[in-house]
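# Per-entry structural report
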Amino acid sequence: MILPPATLGMLGGGQLGRFFVTAAHEMGYQVWVLDPDPESPAGRIADRHLQAGYSDRGALDELAGACAAITTEFENVPAETLEYLARSKPVHPSAAAVAICQNRIAEKTFLRDNGLPHGPFAVIRSVADLERADGALFPAILKVARFGYDGKGQAVVENRDEALAAFRGFKEEACVLEQKLPLDYEVSVVLARDAQGRVQCFPTGENQHRNGILDVSIVPARASTCTLDNAHAIAERIGERLGYIGTLGVEFFVTRGKLVVNEMAPRPHNSGHYTLDACVTGQFEQQVRALCGLPLGEARAHSAAVMVNILGDLWFGADGTYREPDWQRLLAVPNLKLHLYAKRQARPGRKMGHFTVIGSDPAQVQAAALAARSALG
Ligand code: ADP
Ligand code: MG
């Protein structure tokens, strides 16, 4: 067990890393953050910010020297970096688990090999693979296997010709071609799993996206109890099969009443931000607990919640002028918690913050959250 005031290491300095630093500080730990960006949100509040690349051996040695255990806030940290650090210090989640979650081909293959529900797909490494792909996959979505996020690196393609054009547009990088599924709705499960295999699942949330970016998470999800329980069971099985230690996010589609896994994130998840304000233990505290070998906290929600993402678009008025949103108006809404990530520059599509409305009645919470959002403009 790693106890405070030990120093913990975080790879990545975005908002997820920043919340981890805050949770660790709350519990008396110190945190070093590695991120090349001099203004990274987590680096700016860390006890030490190592401003270096994720493969910089000198910086990695320094991090491993100072930290009792190391984790990550984003899936694109090179698996070799995690392997290298793991030679000298505990690293959770493991390089192997992250390697699966960071590559859509490895991820889909993992789901298939473990008998977990997933949509029809084909692995596309060449034009020949596309020419051979099952015609029943169309209309489809072509997704680059690596480094896609928030809908980037994806193209909706009606037929093989469009898929070929999109594949060339992606410079013939390895891709997966997924059948475009009719979505009833989307849900996600965030769970925490410790080294003994004990699991705490947060309540399943319903997620609504806008332009491929998470917009709103609603908890409890408006789905049948059976669907919700099933989502927990599948997410737990994924955690077990990955030998996962830490906080894990699993995104699902509900298509024609059936759950299929969309993708996994080897870290806390945007759809789990509601846990900060509506659960006994938040997803970042669980990440600290799992990393340090502490008992996991209770995941139970004490409130219904609706989380709304705040994107950089909000900083640009109708005429394109840059201005700070009207926080005063938002903060006047009862039972609303505002979280801003202190990013220096707003850009359209950039995640700048979120707010969560909590309460006892799910319908009232939803109405209040939607009203709060329209008040923001
Ligand atoms: P990202 O890494 O950007 O989150 P996702 O694979 O989760 O990528 O896709 C983003 C969103 O696009 C999903 O949440 C869903 O709304 C939509 N989407 C992705 N794949 C499919 C699919 N096969 N069928 C229907 N909708 C999809
Ligand atoms: Mg996604």
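These notes cover the structure that comes with them. (Residues numbered from 1 in each chain as written. Chains lettered and ligands numbered in written order. Predicted model: local features only at pLDDT ≥ 70, side-chain atom pairs only at ≥ 80, totals over all residues. Heavy atoms only, no water.)

### Considering the coordination of the magnesium ion (ligand 2)
At the metal site, the magnesium ion (ligand 2) is ligated by Glu251 (OE), Glu251 (OE) and Glu263 (OE), and these contacts range over 2.0 to 2.7 Å. Taken together, the residues glutamate 251 in strand S13 (residues 246–255) and glutamate 263 in strand S14 (residues 258–265) connect sequence positions twelve residues apart. (Donors = N, O, S within 2.8 Å, 3.2 Å for Na, K, Ca; no water. Helix = DSSP H or I, 4+ residues; strand = E, 2+ residues; numbered from the N terminus.)

### Focus on the sheet that holds strand S4 (residues 69–72)
Ordered by their spatial adjacency, four strands build an open sheet running S3-S2-S1-S4, and the pairing between neighbours is parallel. Each edge of the open sheet is held by one strand with a lone partner, namely strand S3 (48–50) and S4. Direction aside, neighbouring strands of the sheet carry axes that sit 25 degrees apart on average. Where strand S1 (residues 7–11) lies against strand S2 (residues 30–34), five bridges are found, and the strand directions are parallel. (Pairing = 2+ DSSP bridges. Axes fitted to C-alpha atoms, helices over the stretch in contact; angles between N-to-C directions.)

### Comments concerning helix H3 (residues 79–86)
When H3 is considered as a whole, its buried residues turn out to be Ala79, Thr81, Leu82, Tyr84 and Leu85. On its buried side, H3 packs onto S1, helix H2 (57–66), S4 and helix H4 (95–101). (Buried < 20%, exposed > 50% of the residue type's maximum accessible area, 1.4 Å probe, protein only. Contact = heavy atoms within 4.5 Å.)

### Observations concerning the packing of helix H1 (residues 15–26) against helix H10 (residues 283–292)
The N-to-C vectors of H1 and H10 enclose an angle of 70 degrees; their axes lie 8 Å apart at closest approach. By the criterion of interaxial angle, the relationship of H1 to H10 is roughly perpendicular. When the axes of H1 and H10 are compared, the crossing they make is right-handed. Along the contact surface, H1 presents Leu16, Phe19, Phe20, Ala23 and Ala24, while H10 presents Phe284, Glu285, Gln287, Val288 and Leu291. Classifying every residue of the contact of H1 with H10 gives eight nonpolar, one polar and one charged. (Parallel < 35°, antiparallel > 145°, perpendicular 65-115°, else oblique. Left-handed = near helix turned anticlockwise from the far one by under 90°. Nonpolar A, V, L, I, M, F, W, Y, C, P; charged D, E, K, R; others polar.)

### A word on the sheet that holds strand S6 (residues 140–144)
Strand order across the open sheet formed by four strands is S5-S8-S6-S7, with antiparallel pairing between neighbours. Each having just a single partner strand, strand S5 (121–124) and strand S7 (154–157) make up the two edges of the open sheet. For this sheet, the mean angle separating the axes of adjacent strands, direction not counted, is 20 degrees. Judged from the four bridges that link them, S6 and S7 form a sheet pairing that is antiparallel. When the sheet's bridge partners are listed, alanine 140 is paired in S7 with valine 157. This element, helix H7 (residues 160–169), spans S5, S6, S7 and strand S8 (175–179) of the sheet and lies at about 165 degrees to S7.

### Quick word on the site of ligand 1
Close contacts around ligand 1 come from 18 residues, with Lys143, Gly151, Glu186, Asn262 and Glu263 the closest. In this structure, an oxygen atom belonging to ligand 1 sits 2.9 Å away from a side-chain N or O atom of glutamine 154. Glutamate 186 places a polar side-chain atom, nitrogen or oxygen, 2.6 Å from an oxygen atom of ligand 1. Burial of ligand 1 by the protein amounts to 89% of the accessible area it has alone, namely 550 Å². For the shell around ligand 1, the elements supplying multiple residues, two or more each, are S6, S8, S13 and S14. (Near = heavy atom within 4 Å. Polar contact = N/O pair within 3.5 Å; in protein donor to acceptor, adjacent residues only side chain to side chain. Areas by Shrake-Rupley, 256 points an atom, 1.4 Å probe, with all protein chains shown as cover.)

### Considering the layout of surface pockets
For the second largest pocket, the calculated volume is near 310 Å³. Residue lining of the second largest pocket: 16 residues in total, with Arg210, Asp215, Asn309, Leu311 and Asp313 positioned closest to the centre. Those elements that place two or more of their residues in the lining of the second largest pocket are strand S12 (213–219), strand S15 (304–311) and helix H12 (362–376). By residue number, the principal contributor to the lining of the second largest pocket is S15, which donates four residues. Here the lining of the second largest pocket is composed, by residue class, of eight nonpolar, four polar and four charged. (1 Å grid on protein atoms, 1.4 Å probe; cavity = no way out; pocket = protein on both sides within 12 Å on 5 of 7 lines; lining within 4 Å. Points joined across faces, edges and corners; volume = space filled by probe spheres on them.)

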